[in-house]
Amino acid sequence: MTDSAVVSPPARRSLLTRVHPLGWVAAATILLAVAGRLFWYTEYWVGNLAWWNWLVLIGAAAASLWHNGLDRLRRGIESVASGTKTLAWILAWLVFFLQLFNVITRYGNDLVATDILFGETTSLAWQSFGLMFLLGMNYGVREGVNPRIDFWWANFSNKRKATLDFVIHSALLLPFVVMAIRILKGYAATSLGRRFNGDWPSGWRVWETWEDAVDAGGLPVGPIKVMLLVAFALFGMQILAEVIKTGFVMIGDDKRGKIVELETPLRVE
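This structure is a prediction, so every number in the text was calculated from the model and none was measured.

Colleague: Before we move on, could you go through the overall build of the chain and cite the residues and values that matter?
Modeller: In terms of regular secondary structure, the chain is built from 8 helices and 0 strands. Taking the intrachain contacts of the chain between residues at least 6 apart in sequence as the baseline, contacts between residues at least 24 apart amount to 73%. Here the chain displays about 17700 Å² of accessible surface, and carbon together with sulfur accounts for 67% of that area.

This is how it looks when you write it as structure tokens:
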């Protein structure tokens with residue numbers, strides 16, 4: 001009888017590598033919300049979650065064990081960022097041509113004895129300029145164009161970079177985005193004509209209730225103020241995608257995880 005190599009069974013992955021770190025964040029939030037509801041009175045949102053907030057948190061905790069599903073969610077969010085990038089480029093060209101038109105017509109205003117020939121184009125130019133940046137925020141986060149202190153950051157290992165990003169995104173950026181969306185909901189509704197008592201104007205000519213610009217010939221500013229809410233929602237989605245990516249790096253799943261590396265690190269002087 002010849003000796004044969006004994007193949008040992010593969011080592012079981014530890015709980016820390018089987019559970020995506022997003023699950024631990026969701027579980028900690030659930031415990032904090034339960035404690036806020038049961039053990040002390042608080043008016044803060046974390047102690048007064050709506051029913052769908054509980055579903056989101058429980059779903060996030062359960063999805064932390066489904067790595068393929070989280071990766072698909074991340075890819076779907078990042079495809080949205082590719083779409084907003086295209087829209088931002090279109091808006092950039094629109095701003096260029098609008099401003100070119102404004103410059104050209106400015107020299108012809110004396111012929112028609114007026115200071116502003118078409119005030120609407122000026123208003124449309126600055127609104128398009130603002131919309132370009134609002135729609136480009138999520139793409140900028142995806143591509144890592146946000147400035148870093150590179151002389152400190154560049155020497156870190158990928159796992160340390162991922163841990164730092166994960167903690168900052170989940171502990172600071174995501175709560176900030178949630179707070180901003182809660183504030184901007186009322187701001188956007190008011191800009192579209194909702195009264196302070198909560199009633200909406202009657203009739204189908206809704207654009208007549210939108211908030212108007214104060215400059216001459218200005219367009220209504222209600223829609224662009226609503227885009228603040230949309231932009232923060234897109235921004236929050238991309239932050240969630242970054243949390244998913246960096247979480248995979250933290251548990252050693254380099255196939256699904258990713259750290260954006262720029263050839264020339266951005267400097268903060």
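On we go.
Colleague: Explain the packing of helix α7 (residues 158-191) against helix α8 (residues 222-250) residue by residue, including any values.
Modeller: Contact pair α7 / α8: the axes reach a minimum separation of 8 Å and the direction vectors enclose 160°. As far as their axial angle goes, α8 and α7 are roughly antiparallel. For the pair α7 and α8, the crossing hand works out as left-handed. Of the residues in the contact of α7 with α8, the class split is 22 nonpolar, 9 polar and 5 charged.

Colleague: Before we move on, can you summarise the side chain of D253 with the specific residues and values?
Modeller: In this structure, D253 sits in the segment after α8. The exposure class of D253 is buried, given its relative accessible area of 15%. With residues up to four places along the chain from it excluded, the contact list for D253 reads H67 and F248.

Colleague: Break down a nonpolar patch on the surface for me, citing the residues and quoting the values.
Modeller: Taken together, the side chains of W89, W93, F96, F97, L100 and I104 present a nonpolar region at the surface, about 710 Å² in accessible area. The residue L100 is located in helix α4 (residues 67-106) in this model. By relative accessible area, which is 37% here, L100 ends up partly exposed.

Colleague: Pulling in residues and values, what's your account of the pattern of salt bridges?
Modeller: Within this structure, the stated rule accounts for 7 salt bridges. The structure contains a network of salt bridges with shared partners spanning D71, R74, R75, E78, E242 and K245.

Colleague: Please give an account of α7 that cites residues and values.
Modeller: Along α7, the sharpest kink reaches roughly 40°, centred on H169. If you check which residues of α7 are buried, you get K161, A162, D165, F166, H169, S170, V177, A180, L184, A188, A189 and S191. The positive-phi residue at the C-terminal boundary of α7 is G193, with phi of around 110°.

Colleague: Which residues make up the environment of K161, and what values do they have?
Modeller: Structurally, K161 can be placed in helix α7. A relative accessible area of 4% places K161 in the buried class. Each C-alpha atom, one on K161 and one on M250, is 9.1 Å from the other, the two residues being 89 residues apart in sequence.

Colleague: Mind laying out the packing of aromatic side chains, listing which residues take part and the relevant values?
Modeller: For the structure shown, the criterion picks out 6 aromatic pairs. Between F129 and F133 the ring centres are 5.0 Å apart and the planes differ by 70°, which places this aromatic pair in the edge-to-face class. With a gap of 4 residues between them, F129 and F133 both fall in helix α5 (residues 119-142), about one helical turn apart. Here R256 stacks its cationic end above the ring of F248, 5.9 Å away from the centre of that ring.

Colleague: Outline the packing of helix α2 (residues 21-38) against helix α3 (residues 51-63), listing residues and values.
Modeller: Between α2 and α3, the shortest axis-to-axis distance is 7 Å and the interhelical angle comes to 145°. Helix-helix and strand crossings are classified by hand; for α2 and α3 the assignment is left-handed. In this structure, α2 uses G23, A26, T29, I30, A33 and V34 to contact α3, whose residues at the interface are W54, L57, I58, A60 and A61. Grouping the constituent residues of the contact of α2 with α3 by class yields 9 nonpolar, 2 polar and no charged.

Colleague: Hey, could you go over the nonpolar core for me, with residue numbers and the actual values?
Modeller: Ranked by size, the top nonpolar core spans 11 residues in total: A88, L91, L131, M132, L134, L135, A213, V221, I224, A231 and L234. Among the elements of the structure, α4, α5 and α8 are those that each provide at least two residues to this core. Non-local contacts of L134, meaning those with residues more than four positions away in its chain, are made with I224, M227, L228 and A231. Counting 8 residues, the second largest nonpolar core, distinct from the first, contains L22, A63, L70 and I244.

Colleague: Account for the layout of surface pockets, naming residues and giving values.
Modeller: The calculated volume of the largest pocket comes to roughly 1200 Å³. Taken together, 34 residues form the lining of the largest pocket, with W45, V56, L57, L174 and V178 sitting closest to its centre. At the level of elements, α2, α3, α4, α7 and α8 are the ones that each hand at least two residues to the lining of the largest pocket. The element best represented in the lining of the largest pocket is α7, accounting for 10 residues.

Thresholds, definitions, all that
Residues numbered from 1 in each chain as written. Predicted model: local features only at pLDDT ≥ 70, side-chain atom pairs only at ≥ 80, totals over all residues. Heavy atoms only, no water. Helix = DSSP H or I, 4+ residues; strand = E, 2+ residues; numbered from the N terminus. Contact = heavy atoms within 4.5 Å. Areas by Shrake-Rupley, 256 points an atom, 1.4 Å probe, with all protein chains shown as cover. Axes fitted to C-alpha atoms, helices over the stretch in contact; angles between N-to-C directions. Parallel < 35°, antiparallel > 145°, perpendicular 65-115°, else oblique. Left-handed = near helix turned anticlockwise from the far one by under 90°. Nonpolar A, V, L, I, M, F, W, Y, C, P; charged D, E, K, R; others polar. Buried < 20%, exposed > 50% of the residue type's maximum accessible area, 1.4 Å probe, protein only. Patch = residues over 30% accessible without salt bridge, like charges linked within 9 Å, V, L, I, M, F, W, Y side chains within 5 Å. Salt bridge = Lys/Arg side-chain N within 4 Å of Asp/Glu carboxyl O. Bend = angle between axes of the 7 residues up to and from the residue. Phe/Tyr/Trp six-rings, centres within 6.5 Å; stacked < 30°, edge-to-face > 60°. Lys NZ or Arg CZ within 6 Å of the ring centre and 35° of its normal. Core = buried A, V, L, I, M, F, W, Y, C linked by side-chain atoms within 4.5 Å. 1 Å grid on protein atoms, 1.4 Å probe; cavity = no way out; pocket = protein on both sides within 12 Å on 5 of 7 lines; lining within 4 Å. Points joined across faces, edges and corners; volume = space filled by probe spheres on them.

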